[in-house]
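Structural characterization, general
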Amino acid sequence: MKRMIFEKYLCDRLLREFGKRALAQIELPASLTGNLNPKYELRTYQVDAFQRFICYFKKDFQFKEHPTHLLFNMATGSGKTLIMAGLILYLYEQGYRNFLFFVNSTNIIEKTKDNFLNPASIKYLFNHELTISNRRVRISPVENFEGVNPSDVNICFTTIQKLHSDLTTERENAITPEDFRKHKVVLIADEAHHMNVRTKSQREMLESWENTVEGIFNQNGENLLLEFTATHDYDKPAMVKKYRNKVIIRYDLVQFRNDRFSKDVVIVRSDFGPRERILQALILSQYKQEVAAKYRINLKCVILFKAQRTIAQSRENKANFHKLINGLTGSQIDSIRKSDIPIVRRAFRFFDESSISDDQLAERIRQEFHRDFCLSVNDEKEKEQHQILLNSLEDLNNRIRAIFAVQKLSEGWDVLNLFDIVRCYEARDTGRAKIGRTTMSEAQLIGRGARYFPFVLPESDDRFRRKFDGDLEHELRVLEELHYHSINDSRYIAEIRSALIEQGMMDQRELTRELTLKESFKKTQFYRYGIVWLNDRQRKDHKGVQSFADLGVKKRNHKHFIATGHGTETIALDKRNDELLVKDEAAQDIKVGDIERNVVQSALARKPFFTLRSLKRYFPGLTSMEEFVRSSSYLGGLGITFWGNIHSLHENRFEKLAGMLGLLEQIEAEIRANVTEYEGTLDFRRKWVREVFRDKLLKFDAHTPRVQDDPEFERFVSDKDWFAFNTVYGTSEEKALVRMLDRRMKKLQGSFEQIYLLRNEGHFAIYNFADGRPFQPDFVLFLREKGGELLIYQLFIEPKGEHLKEHDRWKETFLREITSAFDGKPITFADKKYRLIGPPFYNKGNENEFIRSLELLLNQAEKSGCKASDDIDTLIG
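Computed from a predicted structure; not experimentally measured.

Thresholds, definitions, all that
- Residues numbered from 1 in each chain as written.
- Predicted model: local features only at pLDDT ≥ 70, side-chain atom pairs only at ≥ 80, totals over all residues.
- Heavy atoms only, no water.
- Phe/Tyr/Trp six-rings, centres within 6.5 Å; stacked < 30°, edge-to-face > 60°.
- Helix = DSSP H or I, 4+ residues; strand = E, 2+ residues; numbered from the N terminus.
- Buried < 20%, exposed > 50% of the residue type's maximum accessible area, 1.4 Å probe, protein only.
- Axes fitted to C-alpha atoms, helices over the stretch in contact; angles between N-to-C directions.
- Parallel < 35°, antiparallel > 145°, perpendicular 65-115°, else oblique.
- Left-handed = near helix turned anticlockwise from the far one by under 90°.
- Contact = heavy atoms within 4.5 Å.
- Nonpolar A, V, L, I, M, F, W, Y, C, P; charged D, E, K, R; others polar.
- pLDDT = per-residue confidence, 0-100.
- Pairing = 2+ DSSP bridges.
- Core = buried A, V, L, I, M, F, W, Y, C linked by side-chain atoms within 4.5 Å.

**Things to note about the packing of aromatic side chains**
Across all of its chains, the model carries 57 aromatic pairs by this definition. With centroids separated by 5.3 Å and ring planes inclined at 70 degrees, the aromatic side chains of Tyr9 and Tyr234 adopt a geometry described as edge-to-face. Of this pair, Tyr9 sits in the loop between helix H1 (2-6) and helix H2 (10-18) while Tyr234 sits in the loop between strand S8 (224-229) and helix H12 (237-243), and the two are 225 residues apart along the sequence. Grouping residues by exposure puts Tyr9 and Tyr234 together as buried. Considering the side-chain rings of Phe609 and Tyr618, the 5.5 Å spacing of their centres and the 35 degrees angle between planes classify their relative orientation as tilted. Accessibility assignment for this pair places Phe609 and Tyr618 in one class, buried. Here the aromatic cluster, defined as three or more aromatic residues joined through ring pairs, consists of Phe548, Phe609, Phe610, Tyr618, Phe619, Phe628 and Tyr634.

**Section: the packing of helix H6 (residues 80-93) against helix H7 (residues 106-117)**
Orientation of H6 relative to H7, taken along the N-to-C sense of each, is 50 degrees, at an axis distance of 11 Å. As judged from the angle between their axes, H6 and H7 are oblique. Judged by the sense of rotation from one axis to the other, the crossing of H6 with H7 is right-handed. Counted together, Thr81, Met84, Ala85 and Ile88 of H6 and Thr112, Asn115 and Phe116 of H7 form the full contact between these two elements. Its residues placed into classes, the contact of H6 with H7 shows four nonpolar, three polar and no charged.

**Regarding the environment of Phe404**
Its location among the elements puts Phe404 in strand S13 (residues 402-405). Between the C-alpha atom of Phe404 and that of Asp48, which follows or precedes it by 356 residues, the distance is 38 Å.

**Description of the confidence of the model for the protein**
Residues of the protein with pLDDT of at least 70 account for 92%, and the chain-wide mean is 87. Per-residue pLDDT, averaged within each element of the protein, yields its smallest value for H1 (42) and its largest for H6 (97). Of the regions scoring below 50 in pLDDT, residues 1-7 engages in nine contacts with residues more than four places distant in sequence or in other chains. Every residue in residues 866-877 is under pLDDT 50, and counting partners more than four places away or in other chains gives 39 contacts.

**Quick look at the environment of Glu734**
Relative to the elements of secondary structure, Glu734 occurs in helix H31 (residues 732-743). Separated by 286 residues in sequence, Glu734 and Arg448 have C-alpha atoms that sit 39 Å apart. Leaving out residues up to four positions away in the same chain, Glu734 has contacts with Val728, Arg759, Asp778, Phe779 and Pro799.

**A closer look at the sheet that holds strand S6 (residues 153-159)**
Read across the open sheet, the seven strands follow the order S5-S6-S2-S7-S8-S1-S9; overall the sheet is parallel. The sheet terminates laterally at strand S5 (139-141) and strand S9 (247-251), the two strands that pair on one side only. Ignoring strand direction, the axes of neighbouring strands in this sheet form an average angle of 20 degrees. Examined bridge by bridge, strand S1 (residues 69-74) and S8 share five bridges and lie parallel to one another. The residue of S8 that forms the bridge with Leu71 is Glu227. Packing against the sheet, H6 makes contact with S1, strand S2 (98-103), S6, strand S7 (185-189) and S8, and its axis sits at approximately 165 degrees to S8. Sitting on the sheet, helix H8 (residues 160-168) touches S2 and S6, and the angle it makes with S6 is about 100 degrees.

**Side note on the nonpolar core**
In terms of nonpolar packing, the biggest core is built from 89 residues, with Phe53, Phe72 and Ile403 touching the most fellow members. Filtering out sequence-adjacent residues up to four positions away, Phe72 remains in contact with Ala49, Phe53, Ile83, Leu87, Leu226, Glu227, Phe228, Thr229, Ile248 and Ile249. Core analysis: the next-biggest nonpolar cluster, separate from the first, contains 68 residues, Leu534, Trp722, Ala736 and Ile818 among them.

**Looking at the environment of Asn391**
Following the sequence through the fold, Asn391 ends up in helix H20 (residues 387-391). Sequence spacing of Asn391 and Arg269 is 122 residues, and the spatial spacing of their C-alpha atoms is 29 Å. Asn391 has contacts with Lys111 and Lys123, leaving out every residue within four places of it along the chain.

**Concerning the pairing of S13**
Of the two faces of S13, the one holding Ala402 and Phe404 and the one holding Ile403 and Ala405 are both buried throughout. Relative to S13, strand S11 (residues 302-306) is paired through four bridges, and the arrangement is parallel. Looking across to S13, one finds that Phe305 is bridged to Phe404. Two strands pair when backbone bridges link them, and strand S12 (residues 374-377) and S13 are joined in this way by four bridges, in the parallel orientation. In the sheet register, Leu375 faces S13, and the bridge partner there is Ile403.

As C-alpha cells, this is what we get:
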C-alpha cells in the first residue's frame, strides 16, 4: 500500500513526464559546479537532485505548482547542505539574491554558518572565490533583507523559533513579513520534519511554525520554499496529500546504504559488565587506528559513550572512564582476550602479528585517551562551548578521541570518524508492541555515526563508498564498520535490530557466502610457486607537456557576441515571415597579446584554475604567468573573435573582460576534459598466486541473482581440477564461460599442461594504460605449454552481457592493448617465459566468435616467437 501511495509523488511523476535519460542529460551550469569547494566531488545522487530541480525550475508541465515549494528527502550523511549550497549558486544566477536558512536547532545554525561563511573551516562548501556571470560574488550574512547589497548572496540564518518570534513581535532590525512581500526570497528549511505540527496533528492551529512559514512564503509569487529532511513521514494521509506534488527526490537511508555510501553497522554484544565493555571498545578503537596507520590512512578514531537519561549519569560515566584509563594495565588488556567475539579476536591477532604487547597497548590507550582528549557534551552550554571541536573531529589537529553525551547529538552532528558507540547502561524499554522511544533514539544516533570515512586505495578510485563488501575479512573492512557495544540481551538486540532496519541502517535481506579455493588446488605446485603478472597505477608525468597543443587544447579563437539591440516582429503562422530578419554584423579578431594587460590579469584573477601553482600541474615547464600570457604556446597564441556591436570596441574594456573570461572557461574545460591524473604502467610486476588468490567471505543482497544457490553448478565444478574455486557467485554469462571451457578442455590439454581458471572476486585489479582506471577482469586463465621451453600464457577474460558491452568498451580496448604490448615480447623470469593476452569479451550468444579470437591470439603468439603447438588449431573443435 505504501508503494502505491509513493508512486503518486512528484519524483516519480517527473520520471514519467521526462524520462530518466532526459533528466540525466541536463547539464549542470559552471556557476554551480565551478563555485563549490573542489574537494567535494559531486556524487551521482547529488547530480540527480540538481538535475531534477533545474528541470522543475526551467520547464513547464501540467502538474507544476506556483509558487515553487519542494521537498528534498535525502538520507543523513548524503550531503544535503552541499545541495543547499549548490542551489543557492544556481538560483543566484537566475536572479535570486536573498536566502533565508532556518532550522529548529541553534547548533545546526552555527554549524551551517561555519560551512557557508568560514573559508578556514575544513567543511567550507564554496570555492575560495565565487564567480557568477563573469562577476565576483560575496556571501554575506544579514539580519533582514532591507538595504542589502544586490550583488551579494545575502543569507539570513535563524532558528524557526526566532523566526516565529520576530514575525509576531515587532523588534528593531528583525525580519518582517514585508521583507518577503517586497523581495523575492528563497526559504531553505533544514530538518523540515519539525515544521509540520499542524499537518501531522490534523488540527487547525492559530499559531504554529508551519503557519508562520507558509505565511511568509505566500507573500510573493516568486518566493521559493525548499525543504530538506532525512525523515519524512510517508504514512499519514494528511502528509501524503500535502507533499504528493512536492517530493522532488527520495534518496533514503536504505538506498544510501545499499549504494555503499555509509558504514555498515555491527552490534557487538557481550556478557561483560560496563567497565569491561568500555575496555573492549577502547581496544577495538585502537585496533582501527593501528590498521589505518599500517595502510597510511590519516585517521583518528572517535568513541561516543552514551548515558541513558541524565547528565549526572554521563558525568559519572566520564569519571569512571578516567579512573579506568589512569590505572590501565597490560593484565587488564589480557582479561579481554577471553572474548570469543570474532572482531575482538581479529584485533588481538593483529596486535600479536604487529608485535604490540598488552603492556604497550595499555600505554598507547592511556596516552590516546588522556583526560585532555575527552569531551563532555551533555547540555546546551557544553555543546556551545565545544562547538568548534565537535564540528572538526576529522581535523588532524583535533586530538579528541572520546565524547560523553546523553541526547544532545541526535541531530545536526556531522562526524565521519566515529567508529564506536558504547551503550553505558543495562536498562531497556522493550516488551511493548512497538519499538520503544529510547531504542528508536539509539538507532537514530547510530545512523548519525554511520557516515562513511572516505579513503583511497590504489585499486579503487571511489573514496566515498565501501570497498570490502566483497571481502568481509580484509583488514581494512574494520574501517567500514560502526560498532555498537551493547548488553547481551536477546530481546533488546531484536528490538535495536528492528529499529535499525526501520531506519534503513540494517538490511534483513543480506546474505553472506563463502568463496573458497579447493584444497586440492592449494596443494599444487602452481598455487605454491605460480606467478600472476599485474601492473600498477601511477600519476601521469606531464614533463613533456610544453604547450596547449600538447594537452589537446585547440588553437581556435573564442567567439564573443556583443548585443546590438536589433530585432524584429513577426506574425505567428504567417508564411511571409518564415525567414527572420537577420542583420549582418561586423566581426573583429583580437589577439590576447593585444588586449590591455590589466584586463587579462583581471580575468585570470577571477579564475582559480589559472594560478601559476595550478597551471604547473599540467605544464611543469611553465616558469611564470608572464610566459603563460605572452608565449605563443599558451595564451599568446590565441585570440577572441568579437562580433555584433563592435563599435568602439577598442574602448570597451567590459566586453574585452567578458570575452577573456569566456576564452579562459573554454581553455579550462578542454584541459580538464583531456587530462587524466593517472595512467596504468606498461611494466607488470610479479606476485605469488598464493598471495593474490585466497578464500573470501562475500556479502550480497538476498534478491540479487548472484547469491541464489546453484547446487548443480557447484557439483559441476567440484571435480574440475582446472577450476580453482568451489563455485562462481556470478552471472549466467560467467558460468557459461566455465562450461564452454570445459567442453574444450580435452583439446586444450593436448597442447597445454597446468591449465587453471581462477575467479577474480576482487582479488586483483589491473589499470588502464590511458587513464589508470581500475579493472577487475572476472577470470584469469593460465596455460603452460607442453614440451620445449617453459612458456606460460596468462589470459585476462571478461564475460559481458550484450547490454553492457558498449558501456564497458574501454575495458575491451584495454585488453586488446595488453595483447599488443606483449606481442612477441614475453616476460622472462627465472627459467620461464610469460605471455600476457587480453581476448575480446566473452558473450554466450556469440560464443564462437570468442573461440575464434582465442585461437587466433594463441596462433599469433606462436608466429611471433612464442612457440605454441599446432594442436591449438583444434581448439575450436
